[in-house]
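If you want the building blocks of each chain, they are given just below.
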Amino acid sequence: MIGIKQGMVMQRGTDDRCDILLTSDTPLRTASWAGDTSGQAALENCGEGVYRLTGIPTGGPYAVTIDGERFDDIYVGDLWILAGQSNMEGVGWLTPEDRAFTGRDTVRALYMTDEWGVANHPLHELWKAVDKVHTDVLGPGDPAHIVVRQVGPGLEFALQMERYFGVPQGVLCCAHGGTAMEHWDPAIKDLGGDKSLYGAMLRRVKTNGSHVRGMFWYQGCSDAYQPAADHFNENMERFVAECRRDFGAELPFVQVQICRMVTADEAAASPMWNTIREQQRTLGERIPRLATISTIGKRLDDIIHISSDSQRQVGRQAAEAMYWLLCGTDRYGCLPPPAYRGYRIYEDGVTGTAIIEVSYENLHGSLTSAGRPVGFAVSRKPDALTDPLVLDTWLKGDKALVRTGLAPQDLEGCWLFYGFGIDPVCSIQDQLGREIPAMGPIKLTME
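Because the structure is a prediction, the values reported are computed rather than measured. (Residues numbered from 1 in each chain as written. Predicted model: local features only at pLDDT ≥ 70, side-chain atom pairs only at ≥ 80, totals over all residues. Heavy atoms only, no water.)

## Topic: the overall build of the protein
Okay, so step 1: Of the regular secondary structure elements, the protein holds seven helices and 24 strands.
Okay, so step 2: Over its C-alpha trace the protein gives a radius of gyration of 23 Å, about what one expects of a compact globule, namely 22 Å for 447 residues.
Okay, so step 3: In terms of overall dimensions, the protein has a C-alpha envelope of 85 × 45 × 45 Å along the principal axes.
Okay, so step 4: Every one of the 447 residues in the protein was classed for burial, and the buried ones make up 58%.
Okay, so step 5: Across the protein, contacts joining residues at least 24 apart in sequence account for 71% of those joining residues at least 6 apart.
Okay, so step 6: Carbon and sulfur atoms form 49% of the exposed surface of the protein, whose accessible area is close to 17900 Å².
Okay, so step 7: Here the protein carries 42 positive and 58 negative side-chain charges, and the mean point of each set is 3 Å from the other. (Helix = DSSP H or I, 4+ residues; strand = E, 2+ residues; numbered from the N terminus. Rg over C-alpha atoms; globule rule 2.2 N^0.38 Å. Buried < 20%, exposed > 50% of the residue type's maximum accessible area, 1.4 Å probe, protein only. Contact = heavy atoms within 4.5 Å. Areas by Shrake-Rupley, 256 points an atom, 1.4 Å probe, with all protein chains shown as cover. Lys, Arg positive; Asp, Glu negative; His and termini not counted. Charge placed at Lys NZ, Arg CZ, Asp CG, Glu CD.)

Next comes the structure, spelled out in structure tokens:
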């Protein structure tokens, strides 16, 4: 029987009862559950060996029996896909706080072994993966790092979703470090989990009831090079569209904008990192029910992986974005991630030089910065910083006022950035610590 596993979290339907699909070579006739409550579940024959199981209420653990076959430690709540590359896989250093956490029975993970258990670091042990694409094709990496390098954003995301919804949460662990969009290509999903990352993800969803609540995605660093960067937008649009065909037309999608990397080859890599960030920032303008989390000011644990504390922040902020996509705001006051709204250029009445007033929306309170606000740049070229044109920045409500050394008319045709380059210094966020997105190049005009 495919679709139910020991220890799993079943996805709930709109009536707060399980709604999953089972596949069986033999006819299925009866289903029941027992736990704090008990009763008969419903089995609807959908044809071709597929059955819809409904009726088990949110909560757990339950013992579920289907035609005499028993499955223990079953929960009903929400199920999320975790996918992308290494920052989702989890490479943050373990802190004392991480080591002290022992997990909660109601927040669970389908590990790479295809076994369910209480969610805790590490979520992704690639060398134990059932799907051979993680081991034989892409390589599992070095398991020795698992002693100290385990932390990603998925656990904190699930814990926060439980706080929001008050029902059990489950995550399907599907990420793999160092992977580009070509490795997630839906076109080869029919090769299955032995050859395709998308195929492995699809298999894991199907073997756990075929229904999920949403996707949490963190990827992009491996596409910040030519020619992949030129095709990133179209690859992401195709990927999201295929996910929605396979996992639900209304699937909410939260992605993370890539952070930064410390490298000696900054000049060569910088334009491509800007290109990927800008494509990620604007993807939600073309794809509904997609939100993008900024990480441009996060701390790093090594040259490219964000720290454990930053990972927890990303997980909580992704949960807020996901909750907003699903529900809008309510007593929790959830908002979409901070977003660029627009700019205007005016003349400083004292110096005669230009001030660029950059406006933002979806803020908790006002824009703020620990110390001097930094991160904005203006250049005469869209792919490189020329002479320094930004003298200072100050914040006023939902606006950043960027003071330049040029007259307003001299900004015509220049380019505005926030977070230029592969390793920028950026400090601006809202009053709950959510960073404004990296952006640019944005062409400036006096119109």
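## With respect to the nonpolar core
Okay, so step 1: Core analysis: the largest hydrophobic core is formed by 61 residues, its most contacted members being Met10, Met201 and Phe247.
Okay, so step 2: Considering each element in turn, this core owes the most residues, seven residues, to strand S7 (residues 69–84).
Okay, so step 3: Among all residues touching Met201, those that are not within four sequence positions of it are Ile81, Ala83, Cys174, Trp184, Met215, Phe239, Cys243 and Phe247. (Core = buried A, V, L, I, M, F, W, Y, C linked by side-chain atoms within 4.5 Å.)

## Brief notes about the environment of Pro57
Okay, so step 1: As for its placement among the helices and strands, Pro57 is situated in strand S5 (residues 50–57).
Okay, so step 2: The spacing of Pro57 and Trp127 is 70 residues in sequence and 36 Å in space, taken between C-alpha atoms.
Okay, so step 3: Residues within four places of Pro57 in sequence aside, it is in contact with Asp16, Arg17, Trp33, Thr37, Tyr62 and Val76.

## Some thoughts on helix H5 (residues 232–247)
Okay, so step 1: In a regular helix each residue adds 1.5 Å, so 16 residues correspond to 22 Å; H5 covers 22 Å between its end C-alpha atoms and thus fits that length.
Okay, so step 2: Taken as a whole, H5 has its buried residues at Phe232, Asn235, Met236, Phe239, Val240, Glu242, Cys243, Arg244 and Phe247.
Okay, so step 3: Downstream of H5 by a residue or two, Gly248 has a phi angle that is positive, lying close to 130°. (Expected span 1.5 Å × (residues − 1).)

## Focus: empty space enclosed by the protein
Okay, so step 1: Tallied over the entire structure, the rule returns two cavities of 30 Å³ or more.
Okay, so step 2: In this structure, the largest cavity occupies an estimated 60 Å³ of space.
Okay, so step 3: Taken together, Thr292, Ile293, Ser294, Gln317, Pro337, Pro338, Arg434 and Glu435 make up the lining of the largest cavity.
Okay, so step 4: Per-class residue counts for the lining of the largest cavity are three nonpolar, three polar and two charged.
Okay, so step 5: Approximately 40 Å³ is the volume found for the second largest cavity.
Okay, so step 6: What lines the second largest cavity is simply Leu82, Met88, Glu89, His121, Leu123, His124, Gln150, Gly152, Pro153, Gly154 and Leu155.
Okay, so step 7: At the level of secondary structure, the elements contributing two or more residues to the lining of the second largest cavity comprise helix H1 (86–89) and helix H3 (154–165).
Okay, so step 8: Looking at the lining of the second largest cavity residue by residue, the class counts come to five nonpolar, five polar and one charged. (1 Å grid on protein atoms, 1.4 Å probe; cavity = no way out; pocket = protein on both sides within 12 Å on 5 of 7 lines; lining within 4 Å. Points joined across faces, edges and corners; volume = space filled by probe spheres on them. Nonpolar A, V, L, I, M, F, W, Y, C, P; charged D, E, K, R; others polar.)

## Considerations on the packing of aromatic side chains
Okay, so step 1: Enumeration over the complete set of coordinates arrives at 16 aromatic pairs.
Okay, so step 2: Ring centres of Phe165 and Tyr323 lie 5.1 Å apart, and the angle between their planes is 40°; this geometry places the pair in the tilted category. Taken together, the residues Phe165 in helix H3 and Tyr323 in helix H7 (residues 308–327) connect sequence positions 158 residues apart. Of the two residues, Phe165 and Tyr323, both sit in the buried class.
Okay, so step 3: Seen in terms of ring centroids, Trp217 and Phe239 are 4.5 Å apart; in terms of plane orientation they differ by 35°. Their pairing is tilted. Here Trp217 is found in strand S13 (residues 214–218), whereas its partner Phe239 is found in helix H5, with 22 residues between them in sequence.
Okay, so step 4: Residue class for Trp217 comes out buried when judged on its relative accessible area of 1%. (Phe/Tyr/Trp six-rings, centres within 6.5 Å; stacked < 30°, edge-to-face > 60°.)

Purely geometric stuff here, so don't read any function into it on its own.
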